[in-house]
Amino acid sequence: MESVILAASECDVSEEIICAPKDVLELFFFEDALFTIGGFNFTRTVFLIFLAMFIVLGLLYFGLRKGEKVPSKFAAAIESLVTFVKEDIAIGIIGPEGVKYAPYLLAVFMFVIVGNLFEVTPLINFPITSRMAIPLFISLVTWVIFVFVGFKKNGISYLTGLIWPKSVPIALRWLVGIIEFVSTFLLRPVTLAVRLFANLVAGHLMLTLLLASGWIFISSVGDIGARAIIGLPWFVFGLGIYLFEIVVAVLQAYIITLLSAVYVQTSVHPEH
Amino acid sequence: MFASATPWLLATEAAEESEGIDLLLPESSELIAGIIAFAIIFFFAWKWVFPTITKTLESRQAAIKAGFEAAEAAKVEAESLKNDYQAQLAQAREEAGRIVEEARQAGESVRAEVVARADVEAAAIKERATADMSGERDRVAASLRREVADLSLDVAEKVVGSSLDRASQQALVDRYIDELGGLGS
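Reading guide: rules and limits
Residues numbered from 1 in each chain as written. Chains lettered and ligands numbered in written order. Predicted model: local features only at pLDDT ≥ 70, side-chain atom pairs only at ≥ 80, totals over all residues. Heavy atoms only, no water. Helix = DSSP H or I, 4+ residues; strand = E, 2+ residues; numbered from the N terminus. Buried < 20%, exposed > 50% of the residue type's maximum accessible area, 1.4 Å probe, protein only. Areas by Shrake-Rupley, 256 points an atom, 1.4 Å probe, with all protein chains shown as cover. Axes fitted to C-alpha atoms, helices over the stretch in contact; angles between N-to-C directions. Parallel < 35°, antiparallel > 145°, perpendicular 65-115°, else oblique. Left-handed = near helix turned anticlockwise from the far one by under 90°. Contact = heavy atoms within 4.5 Å. Nonpolar A, V, L, I, M, F, W, Y, C, P; charged D, E, K, R; others polar. Salt bridge = Lys/Arg side-chain N within 4 Å of Asp/Glu carboxyl O. 1 Å grid on protein atoms, 1.4 Å probe; cavity = no way out; pocket = protein on both sides within 12 Å on 5 of 7 lines; lining within 4 Å. Points joined across faces, edges and corners; volume = space filled by probe spheres on them. pLDDT = per-residue confidence, 0-100. Core = buried A, V, L, I, M, F, W, Y, C linked by side-chain atoms within 4.5 Å. Expected span 1.5 Å × (residues − 1). Bend = angle between axes of the 7 residues up to and from the residue.

(A) Geometry of the overall build of chain B. Helix and strand content of chain B: 4 helices and 0 strands. Listing the helices and strands of chain B from first to last along the sequence gives α-α-α-α. Looking at chain B residue by residue over its 185 residues, the buried ones come to 15%. In the form shown here, chain B has an accessible surface area of approximately 13600 Å², with 61% of it arising from carbon and sulfur atoms.

(B) Molecular detail of the overall build of chain A. Counting secondary structure elements, chain A contains 9 helices and 2 strands. Listing every helix and strand of chain A by position from the N terminus yields α-β-β-α-α-α-α-α-α-α-α. Counting the 272 residues in chain A, one finds 49% classified as buried. For chain A, the exposed surface amounts to about 12600 Å²; the carbon and sulfur share of it is 73%.

(C) Structural view of the packing of helix 4 (residues 102-117) of chain A against helix 9 (residues 231-268) of chain A. All names here are of chain A. Put simply, helix 4 and helix 9 touch, their axes get as near as 9 Å, and they point 160° apart. On the basis of their axis angle, the class for helix 4 and helix 9 is roughly antiparallel. Taken as a pair, helix 4 and helix 9 cross one another with a handedness that is right-handed. On the side of helix 4, the interface is formed by Leu105, Val108, Phe109, Val112, Ile113, Asn116 and Leu117, while helix 9 contributes Ile246, Ala249, Val250, Gln252, Ala253, Tyr254, Ile256, Thr257, Ser260 and Ala261. Across the contact of helix 4 with helix 9, the residue classes break down as 13 nonpolar, 4 polar and no charged.

(D) Representation of the pattern of salt bridges within the structure. The full count for this structure, using the stated rule, is 11 salt bridges over all chains. Glutamate 30 of chain B is paired through a salt bridge with arginine 131 of chain A; the nearest N and O atoms lie 3.1 Å apart. Separated into two different chains, glutamate 30 of chain B in helix 3 (residues 28-160) and arginine 131 of chain A in the loop between helix 4 and helix 5 (133-154) make up a pair that spans both. By the burial criterion, glutamate 30 of chain B is buried, and arginine 131 of chain A matches it. Of the charged contacts, one joins glutamate 136 of chain B and arginine 139 of chain B as a salt bridge, the two residues approaching to 2.4 Å between their closest N and O atoms. Of the two residues, glutamate 136 of chain B and arginine 139 of chain B are both situated in helix 3; the distance of 3 residues between them amounts to about one turn of the helix. With relative accessibility at 52%, the residue arginine 139 of chain B sits in the exposed group. Connected via shared salt-bridge partners are Arg131 of chain A together with Glu27 and Glu30 of chain B.

(E) Structural detail: empty space enclosed by the protein. Tallying each qualifying case throughout the model produces 2 cavities of 30 Å³ or more. By volume, the second largest cavity is sized at about 40 Å³. Every residue along the wall of the second largest cavity is listed here: Val82, Thr83, Lys86 and Glu87 of chain A together with Ile53, Thr54 and Leu57 of chain B. For the lining of the second largest cavity, the secondary-structure elements that each account for two or more residues are helix 3 (73-94) of chain A together with helix 3 of chain B. Per-element accounting of the lining of the second largest cavity gives the leading share, 4 residues, to helix 3 of chain A.

(F) Representation of unusual backbone geometry in the model. Residues and elements named next belong to chain A. Even without glycine at this site, leucine 123 takes up a positive phi of about 75°. Position of leucine 123 relative to the elements: it lies in the loop between helix 4 and helix 5. The phi angle at asparagine 125 is positive, at roughly 50°, despite the residue not being glycine. By the secondary structure assignment, asparagine 125 is in the loop between helix 4 and helix 5. Among the residues examined, asparagine 125 registers a relative accessible area of 18% and is labelled buried.

(G) The arrangement of the confidence of the model for chain B in detail. Summing up the model confidence of chain B, the mean pLDDT is 83 and the portion of residues at 70 or higher is 85%. When mean pLDDT is taken per element in chain B, helix 3 of chain B scores highest with 92 and helix 1 (residues 12-17) of chain B scores lowest with 44.

(H) The environment of leucine 31 of chain B, seen in detail. Positionally, leucine 31 of chain B belongs in helix 3. Setting aside residues up to four positions removed in sequence, leucine 31 of chain B forms contacts with Ala133 and Phe137 of chain A together with Pro26 of chain B.

(I) Quick peek at the nonpolar core. Within the largest apolar cluster, 74 residues are counted, with the highest numbers of intra-cluster contacts made by Leu60, Val82, Leu105, Leu106, Phe111 and Ile138 of chain A together with Val49 of chain B. Ranked by residues supplied to this core, first place goes to helix 4 of chain A with 12 residues. With near-sequence residues (within four places) excluded, phenylalanine 111 of chain A lies in contact with Ile49, Ala52, Met53, Val56, Ile128 and Ile134 of chain A together with Gly34, Ala37, Phe38 and Ile41 of chain B. The next biggest cluster of nonpolar side chains, apart from the first, holds 8 residues, and it includes Val13, Ile216, Phe217 and Ala228 of chain A.

(J) Local environment of helix 7 (residues 170-219) of chain A. Helix length check: helix 7 of chain A, at 50 residues, gives a terminal C-alpha distance of 68 Å against a target of 74 Å (1.5 Å per residue), a fit within 8%. Along helix 7 of chain A, the sharpest change in direction is near 55° and occurs at leucine 187 of chain A; proline proline 189 of chain A comes one to four residues later.

Pasting the structure below:
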């Protein structure tokens, strides 16, 4: 955000009606390493990834550390969050054996929700999930889990059941088989990653452009006079999107966790 | 409007060359950081969060259960205490009723005794009075009779001028008075 606001001097407020960088992709790259350890670039994004990790660990640790009989409000909130992932997502979707996957699903949910909420966290304003690394990694882990569980639980019939579904009329069976195979093994990891990533990219883009434009126009009222009013709708709209993005951040974290559970469930009980 | 050598973003050189596809490809440093961070969160969740919360919830469940059981026991105890008190209260009421009844009966008998004794005394007094009175009357009557007989004899002596046989005359007068008394009474 700081670098965007620095751009105020470069935005031609007397000609343009919105301030945007020539290449919006710039909003997602922090190329300059804060420092480098043996060729590993410790960029702002890398820093934020570890910050998210520490926040997640801190929330869980301080929420559950005491384990009091009558929990404080904070402890009750963290407990209900953990219980929600375990009871409603892991056990609720996968079934009684879903409890095994609860730690993974909790890690996904907590890491993604904190990473997403960085989008609307003042002074951070950058969702680490708008970088492909984290959504892609989580999707691949989910993919590995559900493929592994599918073969482990059902043997080769996991694969044959998908590409030669007995419940479908024989004339359509090959077609449905191809669609199922492609959607399960190829599209699932891609859609899972892209859904999260694209939502956060879009949100970050909108917030940055709207709020930065609003700020730049309004703050240059001394130079451009009445034209500064252009900034007002951008700013108001940006604030509206800001609230909306809080919902998106929570919802997308829930969706990727839920879908990971659903994918595992279809491998545990492929007939459903 | 965007001067290329400006701080639009600090990473201008690389960014200028960036294509849309770059956004879709993970940065290796971010991928490594993400894997490390995620793995740490996962192990923390696996090894600490779930064992801890399970322990907490179980101990809370036990505490709540114990609380309910204690409340139940206290309720039962209170119930039995209440029954005891009610029984004792009923007993006490009965006792009180009995005592009152006894007192009433005792009072009744005392009263009857007092009344009876008073009656007896009254009767004795009355009797004594009656006896006194009748004695007096007899005495008065006797005296009167003697007096009347004497007077009658005196009158008769004066009339006949001689003394009469005092004793037989006296008996005659007495018999006459008795006859009068018999008529009168």
